[in-house]
Amino acid sequence: TAGFLANGVKVYVTARKVGPLISKAEELSKKYNGECIALGCDLSTLDGVKSFAEQIKEKEDGIDFLINNAGAAWGAPYDDVNGNGSYDDGDIPGYPGADQTVWIVANDVPTKFVDVDGDGLCAPFDDDDDGDGVIDVDDAFPNDSNGFVHLTLGDGFQAGQPLDNVSIGGSEKTTCVILTDNSIKCWGENHNGQVGDGSRGTTRYVATDITMPSGKQGRSLSHGPTAQHNCAIMTDGSLYCWGWNEYGQIGDGTICTSSSYLDGCNGNRGRSSPVEVPLPVGRTATAVSTGTHHTCTILDDGSVWCWGYNAHGQLGVGNMSSGTWAYSPSQTLLPSGRTATAIASGLGHTCAVLDDNSMVCWGENGDYQLGNTTIGSVDQSTPVYAAQGLLMNSVTAGSDHTCAISTDNIAYCWGSNNYYQGGNIARYGGSYNTPAEVTLPTGRTVMGITAGYYSSCAILDDESIYCWGHDDHYRLNTQYNCGSSDYTNGCSNGYRKLPAESIPPSGRSMIAMY
């Protein structure tokens, strides 16, 4: 301060106690023949900083900051350092990236103000620090533009739940995403037209725009680990599907046989562009799941409708017959008075969580994937109760196993365990008709779950992902891959018996998966 005053620089000093401050300012002005001005405010508080800004604005057009005696930002017009929190973008010596940081030192206590998103507003004055469009009071990650919510069931990341807004999904070898502009891109295998870009047979190695119906915007994608077709719910509640249609799984009343181009078929048993599924009059789709040869959806009244192949009772309509009727939606026979709140389809079965948190399943049951203890391994054409005694929030289905999350956020699996896709360390190969808790880290709860063909993964409450089951080709992405004849590190002959953490990209956590 003495050096500035002696060299003709006007200096403002602040303190909480105005009286002693004024006396000290006058003393310094006389001693060094300069101009030292007292401002009563406490810069260690946000209100104090605002008061300081208002007082300075009345007196000066610009302001220079002394940065904790380590450097300065000189020559900033006042409008760049004002009560709205904006600042000069010049570098401050000694502070990397200081073009987004302002330090003010008061009473030897430095206060740091950071502009996270570079919009010219320091965080205390910015309602949306990271600029992701979610205001800070609703943002669990206010300094990370890539995340805004701690994952919880119902927040939009668990496939098959009404209004789930799932932005990543796909089929066995094809992946799709919904972008921030609600467009849809897909990539991967395209043998039956499941990429949805109007072509078929050409594998897409980069994300490719689907042939989006005019005026439509995507809201939610299907998840089908054994499917060769994809479906999307649009923002207006309409439902579109594309890809393999040999068994009527597209749902528009048609089938596509080999080499046929009739009814919009692509010559290889599929439809290459999205086709609207006719829903009951006045109804909209809220969730959708795809099996290998069938498809099911939950409508806005909580009813379930399915279509496609029905030889194992996949449609849940009380019979195992086929015919042209099966190529369009038919209502599944849920228990009387009940509605569905979540749905998932495997190779030949489907399960739904009901509004009382019970669960029903129907279709193929050769590996006890329906989870009912009284029916043996017999296929069921009418929904039967599964996982009796447990209350469930969500469900996922693999080829011939099923997993679900209970209302107390515990993961359970049942059905085939030949590849240890059940995830319980005490169970060996074979099939099980009763749920077993997945062996996950102590103290953690499960926020999301997904089943692959012969594997499963769960998102935990710390946003880590743990996976188990078939581990060839490093599909589980764990630090230790289970190779053939390997019985170490939680492996059993190439399969992961003990769930292990799937490694995320550096600095990232996991909030969604399919």
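I will try to describe carefully the structure that is included in this document.

The rules behind each value
The numbering scheme is per chain: residues are counted from 1 as the chain's sequence reads. Local features in this predicted model are restricted to residues whose pLDDT is 70 or higher, and side-chain atom pairs enter the listing and the counts only when it is 80 or higher, whereas totals over whole chains, interfaces and linings include all residues. The basis for the side-chain values is all heavy atoms of the structure; hydrogens and waters are excluded. Pairing between strands is defined by DSSP: at least two bridges between them are needed. By definition, any uninterrupted DSSP run of H or I lasting at least four residues is a helix, any uninterrupted run of E lasting at least two residues is a strand, and each is numbered from the N terminus. Angles shown run from 0 to 180 degrees and are taken between the N-to-C directions of axes, each axis being a line fitted to C-alpha atoms and, for helices, limited to the stretch in contact. Only one rule defines a salt bridge in this text: a Lys or Arg side-chain nitrogen within 4 Å of an Asp or Glu carboxyl oxygen. In a helix, the anticipated span is given by 1.5 Å times the number of residues less one. Only protein chains enter the area calculation, which uses a 1.4 Å probe; residues under 20% of their type maximum are buried, those over 50% are exposed, and those in between are partly exposed. Here the arc refers to the directions that run from the helix axis out to each C-beta atom. A contact between two residues is defined here by any heavy atoms of the two lying within 4.5 Å. Here, nonpolar core refers to any group of buried Ala, Val, Leu, Ile, Met, Phe, Trp, Tyr and Cys residues whose side-chain atoms link them within 4.5 Å.

1. Digging into the sheet that holds strand 8 (residues 174–178)
Sheets are built from strands paired through backbone hydrogen bonds, the pairs being either parallel or antiparallel.
Thought 1: The strand order across the open sheet formed by four strands is 7-8-9-10, and the pairing between neighbours is antiparallel. Unpaired on one side and paired on the other, strand 7 (168–170) and strand 10 (204–209) mark the two borders of the sheet. Averaged over all neighbouring strand pairs, the angle between strand axes comes to 20°, with direction disregarded.
Thought 2: Sheet analysis places strand 9 (residues 184–188) next to strand 10, joined by three bridges and oriented antiparallel. Across the sheet, the residue bridging to Lys185 is Asp209, located in strand 10.

2. Quick look at the pattern of salt bridges
Thought 1: In this structure the tally under the stated criterion is 13 salt bridges.
Thought 2: Among the ionic pairs, Asp209 bridges to Lys185, the shortest N-O distance being 3.0 Å. Of this pair, Asp209 sits in strand 10 while Lys185 sits in strand 9; the two residues are 24 residues apart in sequence, bridging distant segments of the chain.
Thought 3: A network of salt bridges, in which partner residues are shared, links Arg283, Asp300 and Asp301.

3. A word on the sheet that holds strand 16 (residues 294–299)
Thought 1: Taken in spatial order, the four strands line up as 15-16-17-18 in an open sheet, and their pairing is antiparallel. At either end of the open sheet lies a strand with only one pairing partner, and these are strand 15 (285–290) and strand 18 (330–331).
Thought 2: Inspection of the sheet shows strand 15 paired to strand 16 by five bridges, in the antiparallel sense. Within strand 16, the residue paired with Ala285 across the bridge is Leu299.

4. Let's talk about helix 2 (residues 18–32)
Thought 1: When the terminal C-alpha atoms of helix 2 are compared, their 21 Å separation across 15 residues agrees well with the 21 Å that a helix rising 1.5 Å per residue should span.
Thought 2: The set of residues buried in helix 2 consists of Leu21, Ala25, Leu28 and Ser29. Down the axis of helix 2, the buried side of the element spans an arc of 100°, and every buried residue falls inside it. Among the exposed residues of helix 2, those oriented more than 90 degrees off its buried face are Pro20, Lys30 and Lys31.
Thought 3: Looking at the buried positions of helix 2, the neighbouring elements they touch are helix 1 (2–6), strand 1 (11–15) and strand 2 (36–40).
Thought 4: Asn33 occupies a position one or two residues after helix 2 and carries a positive phi of about 55°.

5. Notes on the nonpolar core
General note: in soluble globular proteins, nonpolar side chains tend to be found buried as a group.
Thought 1: Grouped together as the largest cluster of nonpolar side chains are 17 residues, with contacts concentrated most on Val353, Met359, Cys361, Met392, Val395, Ala404 and Trp414.
Thought 2: Sorting the residues of this core by element identifies strand 19 (340–345), strand 20 (349–354), strand 21 (359–363), strand 22 (380–386), strand 23 (392–397) and strand 25 (411–416) as the ones contributing at least two each.
Thought 3: The leading source of residues in this core is strand 23, at three residues.
Thought 4: Leu334, Ala352, Leu354 and Trp362 belong to the second-largest nonpolar core, a separate cluster that totals 15 residues.

6. Focus on unusual backbone geometry
Thought 1: One non-glycine residue with positive phi stands out, namely Tyr420, at about 60°.
Thought 2: With respect to the helices and strands, the residue Tyr420 is situated in the loop between strand 25 and strand 26 (431–437).
Thought 3: Judged by relative accessible area, which is 10%, Tyr420 ranks as buried.
Thought 4: Within the chain, Tyr474 stands out as a residue other than glycine whose phi angle is a positive 60°.
Thought 5: Topologically, Tyr474 is positioned in the loop between strand 29 (465–470) and strand 30 (491–492).

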